Amino acid sequence: MSTDGKYIRDDFDHCLGHFIEECGEALAAAGKTLRWGWSSVNPEIPEQDRESNAVWLQREMKDLREAMDRLQKCFDEDRLP
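Residue positions within a chain follow its written sequence, with the count starting from 1. This being a predicted model, a pLDDT of at least 70 is required before a residue's local features are given, and a value of 80 or more before pairs of side-chain atoms are given or counted; all residues contribute to the totals for chains, interfaces and linings. Only hydrogens and water are set aside when side-chain values are computed; all heavy atoms of the structure are taken into account.

**Overview of the overall build of the chain**
Quick reminder of the rule: Helix and strand assignments follow DSSP, with helices taken as H or I runs no shorter than four residues and strands as E runs no shorter than two, numbered in order from the N terminus. For the radius of gyration, the atom set is restricted to C-alpha positions; the globular benchmark scales as 2.2 Å times the number of residues to the power 0.38. When accessible area is computed with a 1.4 Å probe and restricted to protein chains, residues below 20% of their type maximum are described as buried, those above 50% as exposed, and intermediate ones as partly exposed. Only heavy atoms enter the contact rule, under which two residues are in contact if any of them lie within 4.5 Å.
Regarding its fold elements, the chain presents 2 helices and 0 strands. Compactness check: the chain gives a C-alpha radius of gyration of 15 Å against a globular reference of 12 Å for 81 residues, more than 25% above the reference. Referenced to the eigenvectors of the C-alpha coordinate spread, the extents of the chain come out at roughly 45 × 25 × 15 Å. Scored against the burial criterion, the 81 residues of the chain give a buried share of 22%. Residue pairs at least 24 apart in sequence account for 65% of intrachain contacts in the chain once pairs closer than 6 positions are excluded.

In structure tokens form, the structure reads like this:
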């Protein structure tokens, strides 16, 4: 699930923080996938909300890509602190 727009702030520090957060989430998904396999699911999540590690990793990659694009825009527009 992508970040809700009402929580997005476009200043450099928040873009960098969001990028770092999404990196961590993508790394967690990749690590669990290596440990438990592509088709494994998290048994702690209610059954109706479960997704395979493959789906989870792809979702986190999409979120990371969006955060990377926002951070790149800060660089492109010279919005560094």
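Back to the text.
**Digging into the packing of aromatic side chains**
Definition in use: Centres within 6.5 Å are what make two rings of Phe, Tyr or Trp a pair, Trp counting through its six-membered ring; a difference in plane orientation under 30 degrees is then read as stacked, over 60 as edge-to-face, and the rest as tilted.
Tallying each qualifying case throughout the model produces 1 aromatic pair. Their ring planes at 90° and their centres at 5.4 Å tell us that phenylalanine 12 and phenylalanine 75 sit as a pair that is edge-to-face. Linking phenylalanine 12 in helix α1 (residues 12-36) with phenylalanine 75 in helix α2 (residues 53-76), this pair joins segments that are 63 residues apart in sequence. Judged by relative accessible area, phenylalanine 75 falls into the partly exposed class, the value being 42%.

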